[in-house]
Each structure stands twice: as C-alpha cells, then as structure tokens.
Amino acid sequence: MPRITNWRRESRSPMLAYRNTETGARAVLHRAPDSYRYKWRGAILVDGYPVWSRGYETKDATSFRDELRERSAPALRCPECPNEDVRVGEKAADGAKIQRWYNCPDCGYEAPSRIVYGAER
C-alpha cells in the first residue's frame, strides 16, 4: 500500500491519530459515544476546526487512510475572499452542545461547522 503523503502517524491505539507535516492539521479515527449512529468517527481538524468528518461501522483504517491520501494538505480558507487568516472559535448551538465556528476578519464571512459536540464538563 502506498504511503500517505504529508501525514505522520502519532498513535495507533486506542485511536488512530495522524498529524499533517505541512499544515499541522490533525486527523483522528476514534470510538464514538454510544448515542451516535456509527460506532467509529473519523475527522480532520485544522486549528481545532473540523473540515471533514465521517462515521464508520467498524474501525476501518483503510478507508480512513484513503481519505487522508485525497486530502494531502487540508487548510482553512475563506470561500468568499483569498484570505487564509481566518479566526476559529466556538458558540453554543443547542442546549449543552458546542459548535465550532470560523470567521474571516477581511470580508466578515462566518460559517459554522456541520459537526456539533457535547459540552465538556
């Protein structure tokens, strides 16, 4: 199997974790909470903001690594202007849930993540 370009494995157990050598982004495949539909969740995070996520029935490391091959240099960029300096934060989404947001200081574009997390206590 070919190597994954720009990704270095950080841990193998209990979760599979990679770090992008070019951008510093993290990728993790971890066990999801019992309330989730899928038992395993894979995500790519840039500055803590999830730019990709997918659920898996099993710990399918091969499919997860295939996704990393397709995304050799994930970055967080503004879709409205050429700015690459976006700010990442979080806002309350619904009750005890937290949703990550980012906004562009140049054009004012603001976008939420499609992934909502339970609040940490």
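Structure shown above.
(A) Spotlight on the overall build of the protein. When helices and strands are counted, the protein shows 1 helix and 8 strands. Across the protein, helices and strands are ordered from the amino to the carboxyl terminus as β-β-β-β-β-α-β-β-β. Scored against the burial criterion, the 121 residues of the protein give a buried share of 32%. Put simply, of all contacts in the protein between residues at least 6 apart along the chain, 32% involve residues at least 24 apart. Here the protein has roughly 7,700 Å² of accessible surface; of this, 44% comes from carbon and sulfur atoms.

(B) View of the nonpolar core. Membership of the largest hydrophobic core comes to 23 residues, with the highest contact counts inside it found for W7, Y18, A27, F64 and L68. Of all the secondary-structure elements, those providing two or more residues to this core are strand 2 (16-20), strand 3 (26-31), strand 4 (40-46), strand 5 (49-56) and helix 1 (61-70).

(C) Molecular detail of the state of the cysteines. For the structure on display, the rule yields 0 disulfides. Between C81, a cysteine without a disulfide, and C104, which holds the nearest cysteine sulfur, the sulfur-to-sulfur distance is 3.6 Å. A relative accessible area of 19% means that C81 is categorised as buried.

(D) Main features of unusual backbone geometry. Across the junction of S13 and P14, the peptide omega takes the value 5°, indicating a cis bond. Counting through the fold element by element, P14 comes out in the loop between strand 1 (7-11) and strand 2. The residue N6 is not glycine, and still its phi comes out positive at about 70°. Among the structural elements, N6 can be located in the segment before strand 1. Classification of N6 by relative accessible area gives partly exposed; the value is 22%.

(E) Up close: the pairing of strand 1. Here 4 bridges tie strand 1 to strand 2, and the two strands are oriented antiparallel to one another. Opposite W7, over in strand 2, you have N20 as the bridge partner. Hairpin connection, strand 1 to strand 2: the antiparallel pair is bridged by 4 residues.

(F) Quick look at the packing of aromatic side chains. For the structure on display, the rule yields 2 aromatic pairs. On the basis of an interplanar angle of 45° and a centroid distance of 6.4 Å, the ring pair of Y18 and F64 is categorised as tilted. One end of the pair, Y18, is in strand 2; the other, F64, is in helix 1, with 46 residues separating them in the sequence. Accessibility classification places Y18 together with F64 in one group, the buried group. Between W52 and F64 the ring centres are 6.4 Å apart and the planes differ by 35°, which places this aromatic pair in the tilted class.

(G) Spotlight on the side chain of N20. Within the element layout of this structure, N20 appears in strand 2. Exposure remark for N20: the relative accessible area of 2% places this residue in the buried category. At a separation of 2.8 Å, a polar atom in the side chain of N20 contacts the main-chain amide nitrogen of E22. A polar side-chain atom of N20 sits 2.9 Å from the main-chain amide nitrogen of T23.

Conventions and cut-offs
- Residues numbered from 1 in each chain as written.
- Predicted model: local features only at pLDDT ≥ 70, side-chain atom pairs only at ≥ 80, totals over all residues.
- Heavy atoms only, no water.
- Helix = DSSP H or I, 4+ residues; strand = E, 2+ residues; numbered from the N terminus.
- Buried < 20%, exposed > 50% of the residue type's maximum accessible area, 1.4 Å probe, protein only.
- Contact = heavy atoms within 4.5 Å.
- Areas by Shrake-Rupley, 256 points an atom, 1.4 Å probe, with all protein chains shown as cover.
- Core = buried A, V, L, I, M, F, W, Y, C linked by side-chain atoms within 4.5 Å.
- Disulfide = S-S within 2.5 Å.
- Pairing = 2+ DSSP bridges.
- Phe/Tyr/Trp six-rings, centres within 6.5 Å; stacked < 30°, edge-to-face > 60°.
- Polar contact = N/O pair within 3.5 Å; in protein donor to acceptor, adjacent residues only side chain to side chain.

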